[in-house]
Amino acid sequence: DVKVTQSSRYLVKRTGEKVFLECVQDMDHENMFWYRQDPGLGLRLIYFSYDVKMKEKGDIPEGYSVSREKKERFSLILESASTNQTSMYLCASSLAGSLTGELFFGEGSRLTVL
Amino acid sequence: AQKVTQAQTEISVVEKEDVTLDCVYETRDTTYYLFWYKQPPSGELVFLIRRNSFDEQNEISGRYSWNFQKSTSSFNFTITASQVVDSAVYFCALHYNNNDMRFGAGTRLTVKP
């Protein structure tokens, strides 16, 4: 059963803390994505990666960074968490060169920043 | 601009009613893909359907059907004889270029017994 696994379903952090969100996929997909989901705004792309050590900014990269040291793992980093980063974070993966673009999603990580 | 609009924020129906979720998109690309995803309460988005821009045939899968009309830039989703298990947030999405996927804001569907 193919799977995208996010390390934490729920996190509570304080303003200024460094936050790591981890995502692992077992489908040997080249592309991996981080989205945040907010009510009324849908899913907005933060960063994506199409290969190991490669990354591209999405629509809302400010305040975030990412790391892709291994093909199966894509980490989202909040260097100094702020309350406006309270959100649901979704990781996804897809096959490279797939024009169809079907994404496979993890269950999400709900982050609360106090 | 590439954009997906789901004007219905929330819909509530009673079980066995039919319901249509609207999706309107904007794109300058001639080649693109449209998707519907379902997000149940568990949180994981589940792929429902993909349609490419050159295929305007409507599709039916069990109680689900999709109506793609390029003339109105719409890709609407109908659930026939809705069930409580259909309660979820549904997202329409537009895929263009090789990696970019643009999502709508989502429609929360509640099906009451």
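This text follows the structure it describes.
Residues numbered from 1 in each chain as written. Chains lettered and ligands numbered in written order. Predicted model: local features only at pLDDT ≥ 70, side-chain atom pairs only at ≥ 80, totals over all residues. Heavy atoms only, no water.

### Let's talk about the overall build of chain A
When helices and strands are tallied, chain A shows zero helices and 11 strands. N-terminal to C-terminal, the α/β element order of chain A is β-β-β-β-β-β-β-β-β-β-β. Here chain A has a C-alpha radius of gyration of 13 Å; the compact-globule value for 114 residues is 13 Å, and the two agree. Once the C-alpha set of chain A is aligned to its principal axes, its extents read approximately 40 × 30 × 25 Å. For chain A, the proportion of its 114 residues judged to be buried stands at 48%. (Helix = DSSP H or I, 4+ residues; strand = E, 2+ residues; numbered from the N terminus. Rg over C-alpha atoms; globule rule 2.2 N^0.38 Å. Buried < 20%, exposed > 50% of the residue type's maximum accessible area, 1.4 Å probe, protein only.)

### A closer look at the side chain of B:T107
Residue and element names in this part refer to chain B. Turning to its location among the elements, T107 is positioned in strand β12 (residues 107-112). Here T107 falls in the buried class, since its relative accessible area comes to 0%. A polar atom in the side chain of T107 sits 2.6 Å from the backbone oxygen of Q8. (Polar contact = N/O pair within 3.5 Å; in protein donor to acceptor, adjacent residues only side chain to side chain.)

### As for the interface of chain B and chain A
Counting from both sides, the interface comprises 21 residues of chain B and, opposite them, 24 residues of chain A. Counting the surface lost from both chain B and chain A, the interface buries some 1800 Å², and carbon and sulfur atoms represent 51% of this. Run the count over chain B and chain A and you get two salt bridges. B:R102 serves as the salt-bridge partner of A:D59, at 2.9 Å between the closest nitrogen and oxygen. Applying the counting rule to chain B against chain A returns five residue pairs in polar contact (both at pLDDT 80 or more). For the side of chain B that touches chain A, the secondary structure elements donating two or more residues are β5 (33-39), β6 (46-52), β10 (88-96) and β11 (100-103) of chain B. Of the residues assigned to the side of chain B that touches chain A, the class counts are nine nonpolar, eight polar and four charged. (Contact = heavy atoms within 4.5 Å. Buried area = accessible area lost by both parts, 1.4 Å probe. Salt bridge = Lys/Arg side-chain N within 4 Å of Asp/Glu carboxyl O. Nonpolar A, V, L, I, M, F, W, Y, C, P; charged D, E, K, R; others polar.)

### Description of unusual backbone geometry
Excluding glycine, residues mostly carry a negative phi; peptide bonds, for their part, are mostly trans. Backbone geometry places A:D28, a non-glycine residue, at a positive phi of 60°. Looking at the element boundaries, A:D28 is found in the loop between β3 (19-25) and β4 (31-38).

### Focus on the state of the cysteines
For the structure on display, the rule yields two disulfides over all chains. Disulfide partner of A:C23: A:C91, at an S-S distance of 1.9 Å. Here the disulfide of A:C23 and A:C91 is left-handed, its torsion about the S-S bond being about -80°. Of this pair, A:C23 sits in strand β3 while A:C91 sits in strand β9 (residues 87-94); the two residues are 68 residues apart in sequence, bridging distant segments of the chain. Take A:C23 and A:C91: they sit in the same class, and that class is buried. In this model, B:C23 is linked to B:C92 through a disulfide, with the two sulfur atoms separated by 1.9 Å. In this structure the cystine formed by B:C23 and B:C92 twists about its S-S bond by roughly -65°; its chirality is therefore left-handed. Remark: B:C92 occurs in strand β10 and B:C23 occurs in the loop between β3 (19-21) and β4 (24-26); sequence separation between them is 69 residues. The same class applies to B:C23 and to B:C92, which are both buried. (Disulfide = S-S within 2.5 Å.)

### Concerning the pairing of strand β5 (residues 42-49) of chain A
Residues and elements named next belong to chain A. Burial analysis of β5 places seven of its eight residues in the buried class, the great majority of the element. What sits between the antiparallel neighbours β4 and β5 is a turn of three residues, in which G40 has the positive phi angle 80°. Inspection of the sheet shows β5 paired to strand β6 (residues 56-57) by two bridges, in the antiparallel sense. Bridge pairing links Y47 to K57 in β6. (Pairing = 2+ DSSP bridges.)

### A word on the sheet that holds strand β8 (residues 73-78) of chain A
Note: strands within a sheet are paired through backbone hydrogen bonds, in either parallel or antiparallel orientation. All names here are of chain A. A sheet is described by the order of its strands in space; here four strands give the open sequence β1-β3-β8-β7, paired in antiparallel fashion. Looking at the sheet topology across the chains shown, the edges are occupied by β1 (4-6) and β7 (65-70). Put simply, the sheet's adjacent strands are angled 20° from each other on average, direction ignored. Alignment of β7 against β8, held across four bridges, turns out to be antiparallel. (Axes fitted to C-alpha atoms, helices over the stretch in contact; angles between N-to-C directions.)

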